[in-house]
Amino acid sequence: MNPFRNTPFVHCVWALFACLLLMPIASASVRDGDPDHRCHAQYTEAQGTILGEILEPHASKVRTHVSQAWGMFWQGSPLEDVNRRIDSALLILSHPGTLGATPESKAITAEAIQDFRACVNSEAPANTALLEVSTYLLDETAPDQRGPPAGDGVRLYVDDLPVAVTDAQGRASFEVPAGRFELMAVIPSTALATGTVEVAAGETLDIALVLDDSKEVVFPATAVVDAMQDGLLPHDFTTFGIQLFNGGAHRPLEYVSEVAIEDDIGNTLLPLTDAFTVDTQGNLQPTNVAALGVALAGYRGRELVLKAEGEDALGFTLSARTTFFITSHGLEVQLVAPPSNPALALGQVQIDYALMGTSLRLARSSDATGLAGFGQVPFGNTALTAHVSQGGRKYYGEAVYFAGQAARVVMVMRHAEDVEAGVPPYQLAPFTGPQAAQDAITLPVPERTSAATGEAGLPAAFVPQNASTRTLRVSAGQANANVNGSVTLTAPQGAARVYLRYRVASAEYPVYVQQQSVYNDTWSLSVLARQSGQQFHAISRNVNSQLANAPVWRADGTTGDIEHSFDVSALTAAGPADIVLAATAMNVGDNRLPTVVDAEVSVDADRLVVSGVRAEQLADARNHETFSQPLQGETNTLHRWFLMDVDVPDGATITRVRAELLGSTDTVLATLYDEAPGTNVQRPSAGMLRARVTRALPSDRGTVPPPAHNITYRFTVYAENAEGEEISGEGSSRIMRALWRMQEAWRQPARRYGRRDNGHDDWLSARTWEYIGQHGALLTRIDDISGEHGRDIGHQTHDAGTDIDLFHTFTFPGAYSGGNNYELLRNAVARALAAPADQAVQDRANIAAWVSSTRQTLAAVLTDTDAQHVYYMIGNAHAAQGIQLPRGWARTLLVHGTLAASGATLDSGLGAWGFDQARLTYNAVHNSHWHIKRPRDR
């Protein structure tokens, strides 16, 4: 396989950093078809499985240990050391604190890691080859984009493991594992190149790497915060020190690059960079912990993300994001036996906690009396669940309630018979835990005085279609009080399936849901077998979360009809079986604008059900719910698919599938296809369909201007039943983010800079398209916005089509890249400090022009547009012309208008910049360009 297969000189990697130039020197010898390095297939399978099955930050921790094991293996380390690293990966994976993964996902991941271990321990020592690497800076004006040699200090990595550093000519020679591997070259915080290389055992391969300075070169890290435990920050915290770890090791920092608090989708809530310093241990510390506590107080009950970045002594920028929640009150859970089984054992039962609509999950085990303490937890809608089996009967505990103060939740472990009998699922009792938690603050809910109180505008209840259907309606009533209801369906002997259809409607949508208000009503639904208590289906939601989480709100304020089917053949083999349908609904905050659950269970031998519509995950993407819509006449480079569960009646055959693209108001933007299974529709198994939604053929849909910000994919599956009649079922995806191509005028080479990425790098949201149209006069040349489907192209935050990277506001004569423009500025500053004013007239004029244009542009962007934040250069320490420029020289010039270094002073003549700096961050990653951060929408 040719490692430079995309063009004669370019190879793109769906990797952590970017798609970079890999250019072979004329003498390079690349052997096509060599087998992969031994065990590399198992290694890459393990790493890919970790990414696909485990959520961050735990995925990075597990991957780090597996990566270290791989490097130690092919470098010939003792097998006991290699196995020790694999053991560490498995230990992290199995730890109860590794959240965000189901037991099935952990088992799948563990199996892939064990396969890697088996290969490592069963084969002979690795064969190696020799790599001769030459590195060059980027020159955008050169035909091959190769600039001058990169010089010394370029760090080289093989499969993320450090192997060499270049000499003064930008060269290095080192052994590599024979086969296929990932090669990366990095100038810390400045430029990088990555690519896939394939080499045979004993071969010498010469490769030239061109380092791209237009990317944002950061290394992933994990953050450990003094006061946090399990992602929980006490509301009365007194410390907030931040340690950064990379590869499992503490990385002491030299400088603060950025500290900020973001919401769960990446919007900046609190810029805190100037409120932190680096202590003597290399950790980030707040300058005023009390002030930080006051600033965070208004965000209790929300999912928050701490963004912490800093530079280490080698110049690497380490970046960590840590999700956390601020606690508000204490929580205890007391399990009690149900009326149907007063003797039910309640000890050692796992109780699961979820802060609804967020990622927070906790688990505790009950003591012999059924009591479990959770300590302090956040304010907000809370879901508690538990499950236990005894004597072949199943019992479930469920409490969905609004947690505004400390409480003991008395939760009944109900059998289906108890649900049917109307036994309340839980009661709230006074909190009896530790005094410190009991005295935690209680947050009030503001009163609404003008909102409607009735169900006007909500849809009518379901009407039974036949005798084998039972319907249920549950409507929220009093504030913070659950309304419960249930019905029972008797499935006749021999019935194969029972079908559930439900719809949720809420008068809180759209106004209060879109505001993400505190009036965040909850609802739940479950289906159980009465005799055994087996739970076929259970779901609970709060209405705010349904902007993005299935079942999502439609334009009419409902979820639409959701269907599921359940195999009950084992239950009905010997006789009829009772199926219990139960639902709850609760008005949160007040008794206005109710949420209503309508549901039915039925026995219908001829129903086709489509459910579980979900997007296949995309490699090297921060999220998997962004879909690029090509221009009319163009295609997608990277294709994306959906999976869906399909239950087809016995004897029926799927004949065709219609896939539709819907806009923000559920209008049909395009019918992608209506065709039989084949190229676009696959059937991996009897109960699953796989459907493509990207364009393999030129699109016939106009996308200028973009017709929608958010999109939904709807699939209608048609089948012919045993009687020859056509039946159908419908399922829809959750709301997805659409990306569109940038305006044609801005796609012209004169309006761009940097390298173009495979699949394009100008994908943007509809609102960013409007932003460029409205504020184009403030923008300089554009580099990257987003890669196709938001994939990683060398930027942490360019996955949603909202952030924009731009060239400097002033171009120094002869500049051939963004990094080179920075170097020319730096050199001009050194000369202007070293020489008398009359000998540096042009340098001083250029510097003043840079200061003036940068100030004007950045201030206008932050004042006149919806930009949340702007990033720009800090200015690294540098010695030249007998002048020692300190770190931060560029920021000092911009903010103060003057710079002192080595006993000399440079005065721009423009005075101090009186602009509020709170929404400006200066760091080394942005020395080569400036970056606009725009709001992200749900």
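Residues numbered from 1 in each chain as written. Predicted model: local features only at pLDDT ≥ 70, side-chain atom pairs only at ≥ 80, totals over all residues. Heavy atoms only, no water.

Going by an unreviewed UniProt entry, the chain carries the name Carboxypeptidase regulatory-like domain-containing protein and comes from Luteimonas colneyensis.

Trainee: Which residues make up the overall build of the chain, and what values go with them?
Mentor: Secondary structure assignment for the chain yields 14 helices and 55 strands. Taken over the C-alpha trace, the chain has a radius of gyration of 30 Å; the compact-globule value for 938 residues is 30 Å, and the two agree within 12%. Across its three principal axes, the chain shows a C-alpha extent of roughly 95 × 60 × 60 Å. Evaluated residue by residue, the chain yields a buried proportion of 56% over its 938 residues. For the chain, the proportion of contacts with a sequence separation of at least 24, taken over those separated by at least 6, is 70%. Approximately 35,900 Å² of the chain is accessible, and the part contributed by carbon and sulfur atoms is 50%. On the chain, the mean spot of the 69 positive side-chain charges and the mean spot of the 102 negative ones are 2 Å from each other. (Helix = DSSP H or I, 4+ residues; strand = E, 2+ residues; numbered from the N terminus. Rg over C-alpha atoms; globule rule 2.2 N^0.38 Å. Buried < 20%, exposed > 50% of the residue type's maximum accessible area, 1.4 Å probe, protein only. Contact = heavy atoms within 4.5 Å. Areas by Shrake-Rupley, 256 points an atom, 1.4 Å probe, with all protein chains shown as cover. Lys, Arg positive; Asp, Glu negative; His and termini not counted. Charge placed at Lys NZ, Arg CZ, Asp CG, Glu CD.)

Trainee: Outline the sheet that holds strand β27 (residues 407–412), listing residues and values.
Mentor: With mixed pairing, the four strands of this open sheet are ordered in space as β24-β21-β27-β28. Sheet topology places β24 (371–377) and β28 (426–429) at the edges, where each strand pairs with a single neighbour. Taken over all neighbouring pairs, the strand axes of this sheet differ in orientation by 20° on average, direction set aside. The pairing of β27 with β28 spans four bridges and is classified as antiparallel. Following the sheet pairing, methionine 411 is matched in β28 by tyrosine 426. (Pairing = 2+ DSSP bridges. Axes fitted to C-alpha atoms, helices over the stretch in contact; angles between N-to-C directions.)

Trainee: I'd like a rundown of the pattern of salt bridges, residues and numbers included.
Mentor: Should their charged atoms come close, side chains of opposite charge can pair. For the coordinates displayed, the defined rule picks out 43 salt bridges. The shortest N-O distance in the salt bridge between aspartate 312 and arginine 251 comes to 2.5 Å. Note that aspartate 312 is positioned in strand β19 (residues 304–312) and arginine 251 in the loop between β14 (249–250) and β15 (253–263), a separation of 61 residues in sequence. Between aspartate 761 and arginine 752 there is a salt bridge, with its nearest N and O atoms 2.8 Å apart. (Salt bridge = Lys/Arg side-chain N within 4 Å of Asp/Glu carboxyl O.)

Trainee: With reference to specific residues and values, describe the state of the cysteines.
Mentor: Counted by the stated rule, this structure contains one disulfide. Bridging cysteine 39 to cysteine 119, the disulfide has an S-S length of 2.0 Å. Torsion about the S-S bond of the cysteine 39 and cysteine 119 cystine: about -95°, corresponding to left-handed handedness. Taken together, the residues span a long stretch of sequence, with cysteine 39 in the loop between β1 (21–24) and α1 (40–53) and cysteine 119 in helix α4 (residues 103–120) at a distance of 80 residues. By relative accessible area, which is 4% here, cysteine 39 ends up buried. Residue cysteine 119 is classed as buried on the basis of its relative accessible area, which comes to 5%. (Disulfide = S-S within 2.5 Å.)

Trainee: Break down the sheet that holds strand β39 (residues 641–647) for me, citing the residues and quoting the values.
Mentor: Ordered by their spatial adjacency, four strands build an open sheet running β37-β39-β43-β42, and the pairing between neighbours is antiparallel. Looking at the sheet topology across the chains shown, the edges are occupied by β37 (609–615) and β42 (681–685). Averaged over neighbouring strand pairs, the angle between their axes works out to 25° when direction is ignored. Pairing between β37 and β39: five bridges, direction antiparallel. Bridge pairing in β39 links valine 610 to valine 646.

Trainee: So, the packing of α1 against helix α2 (residues 58–74): which residues are in play, and what are the values?
Mentor: Contact geometry for α1 and α2: axes closest at 9 Å, N-to-C directions at 170°. On the basis of their axis angle, the class for α1 and α2 is roughly antiparallel. Note on element contacts: α2 touches α1 through Ala59, Val62, Arg63, Val66, Ser67 and Trp70, opposite His40, Tyr43, Gln47, Ile50 and Leu51. Split by residue class, the contact of α1 with α2 holds seven nonpolar, three polar and one charged. (Parallel < 35°, antiparallel > 145°, perpendicular 65-115°, else oblique. Nonpolar A, V, L, I, M, F, W, Y, C, P; charged D, E, K, R; others polar.)

Trainee: Which residues make up the side chain of arginine 690, and what are the values?
Mentor: Secondary-structure assignment places arginine 690 in strand β43 (residues 688–692). We classify arginine 690 as buried; its relative accessible area is 19%. Among residues more than four places away in sequence, those in contact with arginine 690 are Glu616, Trp641, Phe642, Leu643, Asn680, Val681, Gln682 and Pro684.

Trainee: Lay out the packing of helix α13 (residues 841–864) against helix α14 (residues 889–896) in plain terms, naming residues and giving numbers.
Mentor: The geometry of α13 relative to α14 is characterised by a closest axis approach of 9 Å and an angle of 70° between their N-to-C directions. As judged from the angle between their axes, α13 and α14 are roughly perpendicular. Across the interface between the two elements, Ile847, Trp850, Val851, Thr854 and Arg855 from α13 touch Ala890, Leu893, Leu894, Val895 and His896 from α14. Classifying every residue of the contact of α13 with α14 gives seven nonpolar, two polar and one charged.

Trainee: Give a description of the nonpolar core that names residues and reports values.
Mentor: By size, the foremost hydrophobic cluster in this structure holds 79 residues, and its most contacted members are Val829 and Trp850. No other element matches the seven residues that α13 contributes to this core. Each residue touching valine 829, except ones within four places of it in the same chain, is listed here: Ile847, Leu885, Trp889, Leu893, Leu899 and Leu906. If you look at the next biggest cluster of nonpolar residues, it comprises 48 residues, including Ala69, Trp70, Ile113 and Leu156. (Core = buried A, V, L, I, M, F, W, Y, C linked by side-chain atoms within 4.5 Å.)

Trainee: How would you summarise the environment of isoleucine 50 if you had to cite specific residues and measurements?
Mentor: Inspection of the secondary structure puts isoleucine 50 in helix α1. Contacts of isoleucine 50, omitting those with residues within four sequence positions, involve Ala59, Val62, Arg63, Val66, Thr109 and Ile113.

Trainee: Residue-level account of helix α12 (residues 818–834), with values.
Mentor: Compared with an ideal rise of 1.5 Å per residue, which puts 17 residues at 24 Å, α12 spans 25 Å between its outermost C-alpha atoms and is within 8% of the ideal. With 12 of 17 residues buried, α12 lies mostly within the body of the structure. (Expected span 1.5 Å × (residues − 1).)

Trainee: Give a description of the pairing of strand β33 (residues 535–542) that names residues and reports values.
Mentor: As paired elements, strand β32 (residues 522–529) and β33 share seven bridges and run antiparallel to each other. Note that in β33 the partner of tryptophan 523 across the bridge is arginine 541. Taken together, β32 and the strand that follows it, β33, pair antiparallel across an intervening segment of five residues, in which glycine 533 is found at a positive phi of about 85°.

Trainee: Account for the packing of aromatic side chains, naming residues and giving values.
Mentor: Applying the stated criterion across every chain yields a total of 24 aromatic pairs. With a centroid separation of 5.7 Å and 85° between ring planes, the pair formed by tyrosine 512 and tyrosine 519 is classed as edge-to-face. Residue tyrosine 512 is classed as partly exposed on the basis of its relative accessible area, which comes to 21%. Residue classification places tyrosine 519 among the buried residues on the basis of a relative accessible area of 5%. Feature note: the residues Tyr43, Trp70, Phe73 and Phe116 constitute an aromatic cluster, connected by ring pairs. The ring of tyrosine 718 has arginine 656 sitting right over it, with the charged end atom 3.5 Å from the ring centre. Its end group placed over the ring of tryptophan 746, arginine 751 keeps NZ or CZ at 3.7 Å from the ring centre. (Phe/Tyr/Trp six-rings, centres within 6.5 Å; stacked < 30°, edge-to-face > 60°. Lys NZ or Arg CZ within 6 Å of the ring centre and 35° of its normal.)

Trainee: An account of unusual backbone geometry is requested, with residue identities and associated values reported.
Mentor: In this model, alanine 550 is joined to proline 551 through a cis peptide bond whose omega is -5°. Take proline 551: it is sitting in the loop between β33 and β34 (562–567). In this chain, valine 704 is followed by proline 705 through a cis amide linkage whose omega measures -5°. Here proline 705 is to be found in the loop between β43 and β44 (710–720). Even without a glycine there, the phi angle at asparagine 480 is positive, about 60°. Along the chain, asparagine 480 falls in the loop between β29 (469–475) and β30 (483–491). Since its relative accessible area comes to 36%, asparagine 480 is described here as partly exposed.

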